[in-house]
Amino acid sequence: MIPSNIRKFIFHDLRSVEGYIDPPDALVYLSILERQREHGLEGGVAEIGVYFGRSYFLLKKITSPDDRVLGIDLFDIGEMSNGTSEQYRSFLRNGDRLGLSVNKDLLVVGDSAELSPKDVLDKVGKVRFFSVDGGHTLANLEADCRLAKETIADHGVIVFDDTFNPAWPEVTVGVADFLRNNDQDFSAFCMTKYKTYVCRREFHDFYRAAIMRAPHLRAFELAETHFLGSDAIRLHNPFGRRILYELMTRSGMGALSERAYRCH
């Protein structure tokens, strides 16, 4: 069972933050981080591409208060005032409103391509969960893949966003290149509508089983697929369920919208 405060956060509070992560991937995040915690797999958490904080605050909420969560973003959206953008100010306000205040020492305002692995390691140590959702050009992906590869813990997971989004075709190319160029070391173990979840090959079966057995994912159809030399689990979120969730949310039934994803 998902604790009631976490369930409320995923299905209600997150929608108040501008962004793109929705319940299916939020539940995958939760399942992976819980599995790591159960097995004592420690390390920092990092995200490239914070935007207004939807997935960043999710990570803050579902990790331990002692975990170090690093956010990396240009923060250059909107009007500038006193050297900070409206995006940055909104991001901080979102944290205060959600009761998840931001540790500015663990925030990098700048281009992820200019960071060295040491910059990340000095702040959070080896990373056990690394979300890559920054710039969507091939050059961006190549730089962010290098940073994630050099900082990920042996048991770590890298999550690539917008992998199969036709609006950003170079993301798909970049992720495919990363997996092909590192096929002896990394493999995909889970795929959702837009995200691809990757780990080191020695942990592939561990994470694949975590997805298959996760109690939070029983409402979804889990299908076997094959991607660049690896067996992966594809999380299918039926169109009807997505429509039901959106209708309930937009009609003022947000508090009940999680019923659309309830396990039966």
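I will try to describe carefully the structure that is included in this document. (Residues numbered from 1 in each chain as written. Predicted model: local features only at pLDDT ≥ 70, side-chain atom pairs only at ≥ 80, totals over all residues. Heavy atoms only, no water.)

**Quick notes on helix H8 (residues 204-213)**
If you check which residues of H8 are buried, you get His204, Phe206, Tyr207, Ala209, Ala210 and Ile211. Its buried side turned inward, H8 meets helix H2 (23-38), strand E7 (152-160), strand E8 (186-191), strand E9 (196-200), strand E10 (221-227) and strand E11 (230-236). (Buried < 20%, exposed > 50% of the residue type's maximum accessible area, 1.4 Å probe, protein only. Helix = DSSP H or I, 4+ residues; strand = E, 2+ residues; numbered from the N terminus. Contact = heavy atoms within 4.5 Å.)

**Comments concerning the environment of Leu58**
Along the chain, Leu58 turns up in helix H3 (residues 54-62). Since its relative accessible area comes to 0%, Leu58 is described here as buried. Between the C-alpha atom of Leu58 and that of Ile10, which follows or precedes it by 48 residues, the distance is 7.5 Å. Leave out the neighbours within four places in its chain, and Leu58 touches Phe9, Ile10, Leu14, Ile21, Ala26 and Tyr29.

**So, the environment of Ala153**
Looking at where Ala153 falls in the secondary structure, it is placed in strand E7. Among all residues touching Ala153, those that are not within four sequence positions of it are Lys126, Val127 and Arg200.

**Concerning the nonpolar core**
Counting 48 residues, the largest nonpolar core has Tyr29, Ile32, Leu58, Phe91, Phe129, Phe189 and Tyr197 as the members making the most contacts within it. With seven residues, the top contributor of residues to this core is H2. Non-local contacts of Ile32, meaning those with residues more than four positions away in its chain, are made with Phe129, Val157, Phe189, Tyr197, Tyr207 and Ile211. If you look at the next biggest cluster of nonpolar residues, it comprises 29 residues, including Leu70, Leu115, Leu147 and Met191. (Core = buried A, V, L, I, M, F, W, Y, C linked by side-chain atoms within 4.5 Å.)

**Thoughts on the packing of H2 against H3**
The relative placement of two packed helices is expressed as an angle between their axes plus a distance between the axes. Two numbers describe how H2 lies on H3: the axes approach to 10 Å, and their chain directions differ by 35°. The hand of the H2/H3 crossing is right-handed. Here Ala26, Tyr29, Leu30, Leu33 and Arg37 of H2 lie close against H3, whose contacting residues are Leu58, Leu59 and Ile62. A class-by-class count of the residues in the contact of H2 with H3 yields seven nonpolar, no polar and one charged. (Axes fitted to C-alpha atoms, helices over the stretch in contact; angles between N-to-C directions. Left-handed = near helix turned anticlockwise from the far one by under 90°. Nonpolar A, V, L, I, M, F, W, Y, C, P; charged D, E, K, R; others polar.)

**Overview of the sheet that holds strand E1 (residues 44-48)**
Picture the strands of a sheet paired through backbone hydrogen bonds; they go either parallel or antiparallel. An order of E5-E2-E1-E6-E7-E9-E8-E11-E10 is seen for the nine strands of this open sheet, with the pairing classed as mixed. Looking at the sheet topology across the chains shown, the edges are occupied by strand E5 (107-109) and E10. Each strand axis lies, on average, 20° off the axis of its neighbour in the sheet, ignoring direction. The strands that helix H5 (residues 117-124) touches are E1, strand E2 (69-73), E5 and strand E6 (127-132); relative to E2, the one it contacts most, it runs at about 145°. (Pairing = 2+ DSSP bridges.)

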